[in-house]
Amino acid sequence: MKVQEARYVMSNSDYLKCPQPILPEYAFIGRSNVGKSSLINMLTGKKALAKTSQQPGKTQLINHFLIDDTWYLVDLPGYGYAKVSKVERDKWEKMINDYLYNRENLVCTFVLIDVRHSAMAVDLEFMSTLGEAGIPFHIIFTKADKLKPGQVANQVEAYKKKLAELWEEIPPVFVTSAEKNDGREPILQAIGTYNQTFEKAK
Ligand code: GTP
Ligand code: MG
């Protein structure tokens with residue numbers, strides 16, 4: 001699937017104020033600094049669409065981007081950022097969870113994992129909670145350019161093995177580099193297929 005046009009629509013702290021829930025929507029979530037906003041820019045081919053930063057804690061609201069007037073990409077704040085106050089973290093967590101658990105047009109969530117790190121409890125717990133709540137998600141490994149291809153493959157295999165110890169079924173996984181523009185097509189293809197299903201179900 002190709003992306004012709006991508007534009008910023010709005011930012012909200014409350015899911016109830018987000019755009020009318022009539023188009024299929026896909027959200028990017030993961031630890032702060034994992035590369036959520038960069039990946040949105042890579043997928044849309046627009047370098048400055050979502051704001052990125054070397055400092056964690058950049059994205060602080062629910063950001064909607066409308067793609068080709070037919071579907072939304074949503075950039076969310078990260079979880080697990082130790083440097084913001086507990087009050088602030090709790091506020092973000094509530095905002096994210098209210099959105100994830102209640103947004104009726106959210107078709108699939110993409111959980112981003114930095115491919116350089118071995119499985120972290122905070123991510124595994126986050127994914128378990130999604131699973132228990134019946135929220136479908138895929139995993140996207142980011143920053144693949146930071147390792148050699150063989151190392152990337154080893155990291156992904158080790159992660160899958162860890163997941164297989166915990167769950168019966170492993171979600172689809174994707175490997176990306178926003179830096180090198182790698183891994184775009186399989187993700188857009190998955191979204192394209194979901195979009196068709198959403199259309200049929202209407
Ligand atoms: P928060 O909004 O703070 O939660 O962060 P985020 O997950 O949106 O991360 P963001 O996209 O802002 O990227 C964080 C840093 O990682 C930036 O310095 C990016 O340039 C860098 N980065 C993101 N993706 C990649 C990648 O694929 N490769 C490399 N080398 N750097 C990346
Ligand atoms: Mg961000």
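Residues numbered from 1 in each chain as written. Chains lettered and ligands numbered in written order. Predicted model: local features only at pLDDT ≥ 70, side-chain atom pairs only at ≥ 80, totals over all residues. Heavy atoms only, no water.

J.: Can you explain the site of ligand 1? Please cite residues and give values.
T.: For ligand 1, the set of nearby residues contains 21 residues, the closest of which are K36, S38, K58, T59 and D145. Take S38: an N or O atom from its side chain is 2.6 Å from an oxygen atom of ligand 1. T59 is positioned with one of its side-chain polar atoms (N or O) 2.7 Å from an oxygen atom of ligand 1. Expressed as a share of its isolated accessible area of 650 Å², the protein-covered part of ligand 1 is 89%. Across the shell around ligand 1, the residue classes tally to three nonpolar, twelve polar and six charged. (Near = heavy atom within 4 Å. Polar contact = N/O pair within 3.5 Å; in protein donor to acceptor, adjacent residues only side chain to side chain. Areas by Shrake-Rupley, 256 points an atom, 1.4 Å probe, with all protein chains shown as cover. Nonpolar A, V, L, I, M, F, W, Y, C, P; charged D, E, K, R; others polar.)

J.: For the sheet that holds strand β5 (residues 106-114), give the residues involved together with the corresponding values.
T.: With respect to topology, seven strands assemble into an open sheet ordered β1-β3-β4-β2-β5-β6-β7, the strand pairing being mixed. Only two strands of the sheet have a single neighbouring strand rather than two, namely β1 (6-12) and β7 (173-175). This sheet shows a mean twist of 25 degrees between the axes of neighbouring strands, independent of strand direction. Of the strand pairs in this sheet, β1 and strand β3 (residues 62-67) are connected by six bridges, and their pairing is antiparallel. If you follow Y8 over to β3, its bridge partner there is F65. The strands that helix α3 (residues 121-132) touches are β2 (25-30), β5 and β6 (137-142); relative to β5, the one it contacts most, it runs at about 165 degrees. Against the sheet, helix α4 (residues 149-166) engages β5, β6 and β7, with an angle of about 160 degrees to β7. (Pairing = 2+ DSSP bridges. Helix = DSSP H or I, 4+ residues; strand = E, 2+ residues; numbered from the N terminus. Axes fitted to C-alpha atoms, helices over the stretch in contact; angles between N-to-C directions. Contact = heavy atoms within 4.5 Å.)

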